[in-house]
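Listed below, chain by chain, are the residues.
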Amino acid sequence: MLLKLKGQSTAEYAILIALVGAVAAGFLSVSLKGAIRNKNQQASDYLMKAGTDSRTGTDLLAGFGGDNAVPLYTQEVTKTKVAGGDAYKNVTVLEQGGAEKKFTKQTTTSEAVSVETIDANN
């Protein structure tokens, strides 16, 4: 059955499979980042609830409220730069039937930093 397919149909299937894979990878990336952030919050809360003075038996974290949970703040900064020189390229694509599409491609580089801060002054 696959031997009867034209090359165009095979290419369309390959593009469709690649697109589905990219969407799945993006979803898993977001899901994993959220899970790691949640686990980090749980670990911070666990460590902050664990403080007891062994000599007097008093709770060292009594000032942090009933749950002794410390607020965790996340800040993210992304810096994007447009590549110099040939950063913009005009591209022309000739489609089936003679239609022609023109667009401009841009080359960029990005740096991202994520910082998590514990507010212990609460």
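Throughout this description, residue numbers start from 1 for each chain and increase along the sequence as written. The model is predicted, so local features are restricted to residues of pLDDT at least 70 and side-chain atom pairs to those at 80 or more, both for listing and for counting; the totals for chains, interfaces and linings are taken over all residues. Water and hydrogen atoms were dropped before computing side-chain values, which therefore reflect all heavy atoms in the structure.

1. Things to note about the overall build of the protein
The following threshold applies: Helix and strand definitions here come from DSSP, where helices need a minimum of 4 consecutive H or I residues and strands a minimum of 2 consecutive E residues; each element is numbered from the N-terminal end. Each residue is assigned to one of three classes by its accessible area relative to the maximum for its type, calculated with a 1.4 Å probe on protein chains only: buried under 20%, partly exposed between the two thresholds, exposed over 50%. It only takes one pair of heavy atoms within 4.5 Å for two residues to be counted as in contact. Areas reported here follow the Shrake-Rupley algorithm with a probe of radius 1.4 Å; residue values treat only the protein chains shown as occluding.
Across its full length, the protein carries 1 helix and 4 strands. When the helices and strands of the protein are read in sequence order from the N terminus, they spell out α-β-β-β-β. Out of the 122 residues in the protein, the part that is buried amounts to 8%. Partitioning the contacts of the protein with sequence separation of at least 6, the portion at a separation of at least 24 is 56%. Accessible surface, the protein as shown: approximately 10,300 Å² in total, 59% of it carbon and sulfur.

2. Some words on the confidence of the model for the protein
Which entries qualify depends on this criterion: The quantity called pLDDT is the predictor's confidence in a given residue, expressed from 0 to 100.
Here the protein shows a mean pLDDT of 77. Residues at 70 or above account for 71%. Mean pLDDT values over the elements of the protein span from 81, in strand S1 (residues 72–82), up to 85, in strand S3 (residues 100–106).

3. Re the environment of Asn40
Considering the arrangement of structural elements, one finds Asn40 in helix H1 (residues 7–49). Asn40 gets classed as partly exposed once you look at its relative accessible area, which sits at 30%.

4. Some points on a nonpolar patch on the surface
Rules: The patch calculation keeps residues exceeding 30% relative accessible area without a salt bridge and links them within 9 Å when they carry like charges or within 5 Å when they are nonpolar (Val, Leu, Ile, Met, Phe, Trp, Tyr). One speaks of a salt bridge when a side-chain nitrogen belonging to Lys or Arg is within 4 Å of a carboxyl oxygen belonging to Asp or Glu.
On the surface, Tyr13, Leu16, Ile17, Leu19, Val20 and Val23 cluster together into a nonpolar patch covering about 640 Å² of accessible area. For Leu19, the location among the structural elements is in helix H1. On the accessibility criterion, Leu19 (52% relative accessible area) is exposed.

5. Quick look at the environment of Lys81
Following the sequence through the fold, Lys81 ends up in strand S1. When the C-alpha atoms of Lys81 and Ser110 are compared, they prove to be 6.3 Å apart, with 29 residues separating the residues in sequence. When near neighbours in sequence (up to four residues on either side) are disregarded, Lys81 contacts Thr107, Thr108 and Thr109.

6. Things to note about the pairing of S3
Within a regular beta strand, the side chains point alternately toward one face of the sheet and then the other, so they alternate between its two faces. For clarity, the threshold we go by: Pairs of strands are assigned from DSSP output, requiring at least two bridges between the strands.
Examined bridge by bridge, strand S2 (residues 88–94) and S3 share 7 bridges and lie antiparallel to one another. Looking at the pairing, Asn90 lines up with Thr104 of S3. Where S2 folds back onto S3 in an antiparallel hairpin, the turn is made up of 5 residues, including Gly97, whose phi is positive at roughly 95°.

7. A short note on the pattern of salt bridges
Tallying each qualifying case throughout the model produces 4 salt bridges. Note that Glu95 is salt-bridged to Lys101, the shortest N-O span being 3.3 Å. In this structure Lys101 comes out as partly exposed when scored by relative accessible area, which is 48%. Between Lys102 and Glu100 there is a salt bridge; the shortest N-O distance is 3.9 Å. Residue class for Lys102 comes out exposed when judged on its relative accessible area of 63%. The network of salt bridges with common partners includes Lys33, Arg37 and Glu76.

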